[in-house]
Amino acid sequence: MTFRFSSLRARLGAGLAVATLAASSALAAYPDRPIRMIVPFAPGGGTDSIARTLGAGMSQTLGQPVIVDNRPGAGTIIGTDLVAKSTPDGYTVVVATFAHAVNPSLMAKLPYDTDKAFAPIALLARGPNVLVVCADSPYKSVQDVLDAARAHPGKLTFASQGNGTSAHLAGEMFNNLGKVQTTHVPYKGAGPAMTDLLGGQVDMMFATAAAAAPMVASGKLRALGVTTPKRSPAMKDVPAIAESVPDYSMESWYGIFAPAGTPADVVAKLNAAANKATGNAEFRKRLEPEGLSVSTGAPAELDAYVRGEEARWRKVIKENNVKLD
């Protein structure tokens, strides 16, 4: 009996050793096939372009193609949910943006738990929106806007590409911290909003830098302030709104997440590849039109940043009773 037990224990030990070795070999071999990078937006936009540039850089480090898969819809929820429910093996990741942090507060119920369904990989970049007015607007500074809004509560209007978007919430925060009342006018997309701003149908817009920069450069729009706490390197002559409205801060950002449960070794490899890719001149060049700056680091830094954004915007959304269309 003693011999049989010892023999069985030896066989179990050998089996465990083989299984451990196989698991270690699998991790060491990662990745051994293409990686799918979900972009929860349509092809051709800023996020899509950044993802493709990033993916090309990461593939050079990982030795496998990083294939962009566009899954737009439902305010990024469709593509994000796909990743939340994917196998946590490092072969499916999602490029997350501002919407990732505000959707939990905007939606009564999400098909995933934002705080538990994802493994953070890396924060990629951060940058401003820009408060812009038409070139012939009487407002030449943030203070001009504040003075007019205080003199005529509710009269000034600001456009956005839709309820719950960065342009909308930037305006609501401006109202809260500036102690003014301006009126939100939502559009179905940034294009129509920008058209009406240029046409004088609305007074101002907290537009993304990507949308605003060409119009500012051509003289069609005037930039009054950036939404980041300090001036943006991409728009050095444009004051920060915070110079007139203390504590004002709103950022556009990009980060990468994998499904929760992705092995730590795999997350580390993805993090290293992302950090190296964002250091490439090609990636940095791609960020310039959006006024973005590279902001990489450890996975924990992305996790802490997004949780902070969730808490900050939850307060703004609740105070202003913001709801989606």
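Residues numbered from 1 in each chain as written. Predicted model: local features only at pLDDT ≥ 70, side-chain atom pairs only at ≥ 80, totals over all residues. Heavy atoms only, no water.

Student: Please clarify how the overall build of the protein chain should be interpreted in this entry.
Tutor: In terms of helices and strands, the protein chain carries 11 helices and 10 strands. Counted over contacts in the protein chain with a minimum sequence separation of 6, partners at least 24 positions apart contribute 79%. (Helix = DSSP H or I, 4+ residues; strand = E, 2+ residues; numbered from the N terminus. Contact = heavy atoms within 4.5 Å.)

Student: Help me understand the packing of aromatic side chains in this model?
Tutor: Aromatic ring pairs are defined here through the distance separating the ring centres and the angle between the ring planes. Enumeration over the complete set of coordinates arrives at eight aromatic pairs. Measuring from ring centre to ring centre gives 6.1 Å for F118 and F257, while their planes differ by 65 degrees; the resulting arrangement is edge-to-face. Here F118, found in strand β4 (residues 118-134), pairs with F257, found in strand β9 (residues 251-259); they are 139 residues apart in sequence, far enough to count as distant. Here F118 falls in the buried class, since its relative accessible area comes to 8%. With a centroid separation of 5.9 Å and 90 degrees between ring planes, the pair formed by F158 and F206 is classed as edge-to-face. Of this pair, F158 sits in strand β5 (residues 157-160) while F206 sits in strand β7 (residues 204-208), and the two are 48 residues apart along the sequence. (Phe/Tyr/Trp six-rings, centres within 6.5 Å; stacked < 30°, edge-to-face > 60°. Buried < 20%, exposed > 50% of the residue type's maximum accessible area, 1.4 Å probe, protein only.)

Student: I keep staring at helix α9 (residues 264-278) and nothing clicks. Help me out?
Tutor: Three- or four-residue spacings in an α-helix give side chains the same orientation, since the helix completes a turn every 3.6 residues. The end-to-end C-alpha distance of α9, which contains 15 residues, comes to 21 Å, matching closely the 21 Å that a straight helix rising 1.5 Å per residue would cover. Here α9 has its buried residues at V266, V267, L270, N271, A273, A274, A277 and T278. Considered in projection along α9, the buried side chains sweep an arc of 165 degrees and stay on one side of the axis. Of the exposed residues in α9, those oriented more than 90 degrees away from the buried face are A264 and K276. (Expected span 1.5 Å × (residues − 1). Arc of directions from axis to C-beta.)

Student: Explanation requested: the pairing of strand β2 (residues 66-70) in the structure shown.
Tutor: Successive side chains on a regular strand alternate, one facing one side of the sheet and the next facing the other. Most of β2 is tucked away: four of the five residues are buried. Pairing analysis gives five bridges linking strand β1 (residues 35-39) to β2, with the strands arranged parallel. Looking across to β2, one finds that I35 is bridged to V66. In terms of handedness, the path from β1 via helix α2 (residues 46-62) over to β2 forms a crossover that is right-handed. (Pairing = 2+ DSSP bridges. Right-handed = clockwise from strand over helix to strand, strands pointing away.)

Student: Help me understand the pattern of salt bridges, please; the structure alone is not making it clear to me.
Tutor: Evaluated as defined, the whole model comprises 13 salt bridges. With its nearest N and O atoms 3.9 Å apart, the salt bridge here joins D32 to R33. Given a relative accessible area of 39%, R33 falls into the partly exposed group. A salt bridge links D69 to R71, with the nearest nitrogen and oxygen atoms 3.1 Å apart. (Salt bridge = Lys/Arg side-chain N within 4 Å of Asp/Glu carboxyl O.)

Student: What is the right way to read the nonpolar core from this model?
Tutor: For soluble globular proteins, the rule of thumb is that nonpolar side chains tend to be buried together. Within the largest apolar cluster, 47 residues are counted, with the highest numbers of intra-cluster contacts made by V142, F174, F206, I241, Y248, W253 and W313. When residues in this core are grouped by element, the largest group, six residues, is from helix α11 (residues 299-319). Discounting residues that sit within four places of it in the chain, I241 has contacts with L131, V142, F174, F206, G225, V226, T227 and Y248. Judged by nonpolar contacts, the second largest core, of 31 residues, contains M37, V93, V95 and A122. (Core = buried A, V, L, I, M, F, W, Y, C linked by side-chain atoms within 4.5 Å.)

Student: Explain the layout of surface pockets to me, please; I cannot follow it from the model alone.
Tutor: Vacant regions in the atomic arrangement are exposed by a probe of water-molecule size rolled over the atoms. Looking at the largest pocket, its volume works out to about 980 Å³. Taken together, 38 residues line the largest pocket, and the ones lying closest to its centre are F41, T97, Q161, T165 and S166. At five residues, the largest contribution of residues to the lining of the largest pocket is made by helix α4 (residues 98-106). (1 Å grid on protein atoms, 1.4 Å probe; cavity = no way out; pocket = protein on both sides within 12 Å on 5 of 7 lines; lining within 4 Å. Points joined across faces, edges and corners; volume = space filled by probe spheres on them.)

Student: I keep staring at empty space enclosed by the protein and nothing clicks. Help me out?
Tutor: Scanning all chains against the criterion turns up two cavities of 30 Å³ or more. Empty space within the largest cavity amounts to approximately 60 Å³. As for the largest cavity, its lining consists of 13 residues, of which T76, T80, H100, N103 and Y112 are closest to the centre. Broken down by secondary-structure element, the contributors of at least two residues to the lining of the largest cavity are β3 (92-96) and α4. Looking at the lining of the largest cavity element by element, the count peaks at three residues for α4.

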